[in-house]
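Secondary and tertiary structure notes
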Amino acid sequence: MYSANHWGGSFEIATDGAASEDDDSRNTDLDPGALQSSSAARLHRHELDETQLGWLLGPPAAKKKNRHVDLGCVVVKRKVLVWAFWALLAGFVVVGVPVIVSRFIPRKIPRPPPPDQYAEALHKALLFFNAQKSGRLPRSNGIRWRGNSGLKDGSDAKDVKGGLVGGYYDAGDNIKFHFPMAFSMTLLSWSVIEYSAKYKAVGEYDHVRELIKWGTDYLLRTFNSSASTIDHVYAQVGAARIKSKTPDDHYCWNRPEDMAYPRPSLSVTSAPDLGAEIAAALAAASIAFRDDAAYSKKLAHGAATVYEFATRGSSSNNNNQATYSLHRPEIEPFYNSTSYWDEHVWGAAWLNYATGNSSYISAATDPALANSAMAFDDGILDLSVFSWDNKLPGAGMLLSRLRMFLNPGYPYEASLSGYHRAAELNMCKCLRRFAAFNFTRGGLALFNHGRGQPLQYVVANSFLAALYADYLDAVNVPGWNCGPHFIPADDLRAFAKSQLDYILGDNPRKMSYVVGYGQRYPRHVHHRGASTPRNRVRYSCTGGYRWRDSKKADPNVIKGAMVGGPDRRDRFNDSRMAFGQTEPTLVGNAGLVAALVAVTSSGRAAGVGAVDRNSMFSAVPPLFPAAPPPPPAWKP
């Protein structure tokens, strides 16, 4: 049986047009009947419609997609565009997502490192000032064995409203010496100006400023600070005579709360040294309290007034002005000022920073003043020792700061460069390798040649050494030259730390000379308040001798008090009668505080730098005039 064709017609697929004659000829040659068949096929050929073709040929071939994409300004391959898209997506996942997520994750604030030994000692050293306060004490004072005292001080000073209540007792006695008190406030203010961030990092910023204000409030009462011209200033409250047998602040051994003997207020009409030092203290404090505009202005005004009093009638050709202590037996044996030209430089430098008045920098850099002060005389070794009686090294450091940070140039450069060279030479003399000063076998520098109270000189000069190292760091200078020797700044820090380490216990006796620091420290401090118990008994002038002469340890631990220190052979006599070794002082602790805050690294990890570059210059006007405004545009 043959398959049928239900569609009709032939199975052959018709092509366009008939077969060529050449094809017919070839077919005829092969088969004589082919020609006939071919002709018959053409007669019966049937054209297929579209549906039929679909059955036979299947679906039409799909058209190829365009392999390029026209982006308008450029034509790129589709594959390139796809790969670029996926690459961008992958980059966003790898980079963008973590960034976005990190912004929503709470950030951990970097914590400062744990307090080092210097920060721990700093906390205690500041407490000494709380123990030395006179007047009506605030409840927050924190020294349980201290109470109100000296509430009648200044009652004989009729020109002082409210008397001379307040301030600080100087040492183990109950006298308020204004000369060392002012120097102590200057040192504390200086340390706050330079290292405010460190004080904040260790939590002592508010405390140290409260201590400064307690002192400066009192200093403002020692003269008419609201006036522009004064003719006297009060030098101290309380008095003592050498080998006196009448009740006074040395003959009697009383707690300040139990004083019943006369306490005179001593006024002086010539005070070129004391007046300039009070001016320095008030000027420095005005910078430290710059955030309190009214108080800062009050301090600066008082500083200008008392400095004018101190320098009135003074000139480089007049060396006959009497020092505040001259021929005053209540002052001269204790805080005798050997010169006043150094205080004039010191006070003028501070007033320049506090007020920005160019007359003060002109005075401080006056070559005649430098000559009178022997500021550039490197042949006198003691002039390189910073102390309550010699401000030249401190003044030189202040003026070096001006040159290093601002470099005002003419007409100050010649004098400033001289002070800078002197400051660098003083730093050289601190270093043991140059043998300018003797050192004990244990490593303590003998800046006062082995006399009593050696530690107060050590800490004051350690502060300057650490401070100058920080100045060098701040201006990106690695060191300085001592003759042919290059000295890196870190050598100064190492010196300062070695001296403080000695004081805190790294010495032959393995003893801390700061009361309350460490396990072993002085227990018989030459201090009336610390040695006399607070037992509701009011001891008489001589009745307190039993506590002075007692072999028992102090009933009241006067924490943070730095005692006088050991002798030149590292020996120490822990006895109240050895006052040169066991008596603490305001200036000693002020220098200790300044040195400790300068060397401590506490707070550095929280972004605390070395020194505050700008606060010192907050009142100093620009050295060069501002550029004038451009001229108006020309119009036709």
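Conventions used here
- As a convention, each chain's residues are numbered from 1 in the sequence order in which they are written.
- Thresholds applied to this predicted model are a pLDDT of at least 70 for local features of residues and 80 or more for the giving and counting of side-chain atom pairs; totals over whole chains, interfaces and linings are not thresholded and use all residues.
- Heavy atoms throughout the structure, all of them, feed into the side-chain values; hydrogens and water do not.
- Secondary structure is summarised from DSSP: a helix means a run of H or I of at least four residues, a strand means a run of E of at least two, and numbering begins at the N terminus for each.
- Exposure is judged per residue with a 1.4 Å probe applied to protein chains only, and the accessible area is read against the type maximum: over 50% gives exposed, under 20% gives buried, and values in between give partly exposed.
- Whether two residues are in contact is decided by their heavy atoms, any of which lying within 4.5 Å being enough.
- Here the open area of atoms and residues is found with the Shrake-Rupley method and a 1.4 Å probe, where only the protein chains shown may cover a residue.
- UniProt positions are given in the numbering used here, feature names are shortened, and annotations may be inferred rather than shown by experiment.
- Whenever two N or O atoms come within 3.5 Å, that pair is a polar contact, provided that in protein one can donate a hydrogen and the other can accept it, and provided that, for residues adjacent in sequence, both atoms are side-chain atoms.
- In this text, buried Ala, Val, Leu, Ile, Met, Phe, Trp, Tyr and Cys residues form a nonpolar core when linked through side-chain atoms within 4.5 Å.
- Here the expected span of a helix is defined as 1.5 Å times the quantity of residues minus one.
- Whether two aromatic rings pair depends on their centres lying within 6.5 Å, for rings of Phe, Tyr and Trp, where Trp uses its six-membered ring; planes under 30 degrees apart make the pair stacked, over 60 edge-to-face, and the rest tilted.
- Only lysine NZ and arginine CZ atoms are considered, and such an atom sits over a ring when it is within 6 Å of the ring centre and within 35 degrees of the ring normal.
- Salt-bridge detection follows one rule: a side-chain nitrogen of Lys or Arg within 4 Å of a carboxyl oxygen of Asp or Glu.
- We call a pair of cysteine sulfur atoms a disulfide when they lie within 2.5 Å.
- Strands are labelled as partners when DSSP assigns at least two bridges between them.
- A fitted line through C-alpha atoms serves as each axis, taken over the contacting stretch for helices, and the angle formed by two N-to-C directions is quoted from 0 to 180°.
- Left-handed describes a crossing whose near helix is turned anticlockwise from the far helix through less than a right angle; right-handed describes the clockwise counterpart.
- Gly is placed with the polar residues, together with every amino acid not listed as nonpolar (Ala, Val, Leu, Ile, Met, Phe, Trp, Tyr, Cys and Pro) or charged (Asp, Glu, Lys and Arg).

The next thing to look at is the overall build of the protein. Of regular secondary structure, the protein possesses 21 helices and 7 strands. Per-residue burial over the protein gives 52% buried out of 636 residues. Of the contacts formed within the protein by residues at least 6 apart in sequence, a portion of 74% connects residues at least 24 apart. Of the accessible surface of the protein, which amounts to about 31800 Å², a share of 56% is contributed by carbon and sulfur atoms.

Here the UniProt-annotated "active site" (unreviewed entry) positions come out as H526, D574 and E583. Over a stretch of 58 residues, the named residues converge on one spot in the fold, their C-alpha atoms separated by at most 10.2 Å. Residue placement: H526 occurs in the loop between α17 (489–503) and α18 (528–531). What H526 contacts, discounting residues up to four positions off in sequence, is G172, W253, R576, F579, T582, E583 and P584. At 2.5 Å, the side chain of H526 and the backbone oxygen of R576 are in polar contact. If near-sequence neighbours (up to four positions away) are discounted, E583 is found in contact with A171, G172, D173, Q453, H526, M562, V563 and G564. Looking at E583, its side chain comes within polar contact range of the main-chain nitrogen of G172, at 3.0 Å.

Once that is clear, we can look at the nonpolar core. Judged by nonpolar contacts, the single largest core of 168 residues is most densely connected at W190, W350 and F463. If sequence neighbours within four positions are ignored, W190 has contacts with W346, W350, F386, G394, M397, L398, F463, L464, L467, Y471 and M616. Residues Y169, C252, M259 and C541 belong to the second largest nonpolar core, which totals 5 residues.

With that settled, the discussion passes to helix α15 (residues 413–430). Taking 1.5 Å per residue, 18 residues should reach 26 Å; α15 reaches 26 Å between its end C-alpha atoms and fits that length. Extensive coverage of α15 is indicated by the burial of 13 of its 18 residues.

Once that is clear, we can look at the packing of aromatic side chains. Under the criterion given, the structure shown has 28 aromatic pairs. Measuring from ring centre to ring centre gives 5.7 Å for W190 and W350, while their planes differ by 85 degrees; the resulting arrangement is edge-to-face. Taken together, the residues W190 in helix α6 (residues 178–201) and W350 in helix α11 (residues 341–355) connect sequence positions 160 residues apart. For the residue pair W190 and W350, the accessibility class agrees, reading buried in each case. When the ring of F405 is compared with that of F617, the centres are 6.2 Å apart and the planes differ by 45 degrees; the resulting orientation is tilted. Taken as a pair, F405 in helix α14 (residues 392–405) and F617 in the segment after α21 (586–599) lie far apart in primary sequence, 212 residues in all. In this structure F617 comes out as buried when scored by relative accessible area, which is 11%. Feature note: the residues F183, W190, W346, W350, Y353, F386, F405, F463, Y471 and F617 constitute an aromatic cluster, connected by ring pairs. Just above the ring of W214 sits the side chain of K133; from NZ or CZ to the centre is 4.7 Å. Its end group placed over the ring of Y521, R523 keeps NZ or CZ at 3.9 Å from the ring centre.

Within this structure, the stated rule accounts for 24 salt bridges. When the shortest N-O distance is used, the salt bridge between K391 and E277 registers 2.6 Å. Of this pair, K391 sits in the loop between α13 (367–372) and α14 while E277 sits in helix α8 (residues 272–288); the two residues are 114 residues apart in sequence, bridging distant segments of the chain. For the pair K391 and E277, one class covers both residues: buried. Between R433 and D491 there is a salt bridge, and its shortest N-O distance comes to 2.7 Å. With a gap of 58 residues between them, R433 in the loop between α15 and α16 (454–474) and D491 in helix α17 connect regions that are remote in the sequence. Via salt bridges that share partners, R146, R255, E257, D258 and R538 belong to a single interconnected network.

All told, the structure shown has 2 disulfides when counted by the stated rule. Two residues, C252 and C541, share a disulfide whose sulfurs are 1.9 Å apart. Around the S-S axis, the bridge from C252 to C541 shows a dihedral of about -95 degrees and counts as left-handed. With C252 in the loop between β4 (233–237) and β5 (265–268) and C541 in the loop between α18 and α19 (545–548), this residue pair connects regions lying 289 residues apart in the sequence. Both residues of the pair, C252 and C541, belong to the buried class. Paired by a disulfide, C428 and C482 hold their sulfur atoms 1.9 Å apart. Between C428 and C482, the S-S torsion sits near -95 degrees, and that sign places the bridge as left-handed. Remark: C482 occurs in strand β6 (residues 479–482) and C428 occurs in helix α15; sequence separation between them is 54 residues.

Attention now goes to helix α5 (residues 117–131). Helix length check: α5, at 15 residues, gives a terminal C-alpha distance of 22 Å against a target of 21 Å (1.5 Å per residue), a fit within 8%. Among all positions in α5, only Y118, A119, A121, L122, A125, L126, F128, F129, N130 and A131 are buried. Contact partners of the buried residues in α5: α6, α7 (205–219), α17 and α21.

Following Y410, the chain continues to P411 via a peptide bond in cis, the omega torsion being 5 degrees. Among the secondary structure elements, P411 is positioned in the loop between α14 and α15. The phi angle at K510 is positive, at roughly 55 degrees, despite the residue not being glycine. Taking relative accessible area as the criterion, K510 reaches 55% and is therefore assigned exposed.

Before going further, it helps to spend a moment on the sheet that holds β4. One key point about sheets: their strands pair by backbone hydrogen bonds, in either a parallel or an antiparallel sense. Taken in spatial order, the 3 strands make up an open sheet running β3-β4-β5, and their pairing is antiparallel. Edge positions in the open sheet fall to β3 (176–177) and β5, since each of these has one partner strand only. The pairing of β3 with β4 spans 2 bridges and is classified as antiparallel. Across the sheet, K176 pairs through a bridge with V237, a residue of β4.

Interaxial distance between α11 and α14 falls to 9 Å at its minimum, and their mutual angle equals 35 degrees. Taken as a pair, α11 and α14 cross one another with a handedness that is left-handed. Counting all contacts with α11, which are made through D342, V345, W346, A349, W350, N352 and Y353, the residues of α14 involved are L392, G394, A395, L398, L399, R401 and L402. Across the contact of α11 with α14, the residue classes tally to 10 nonpolar, 2 polar and 2 charged.

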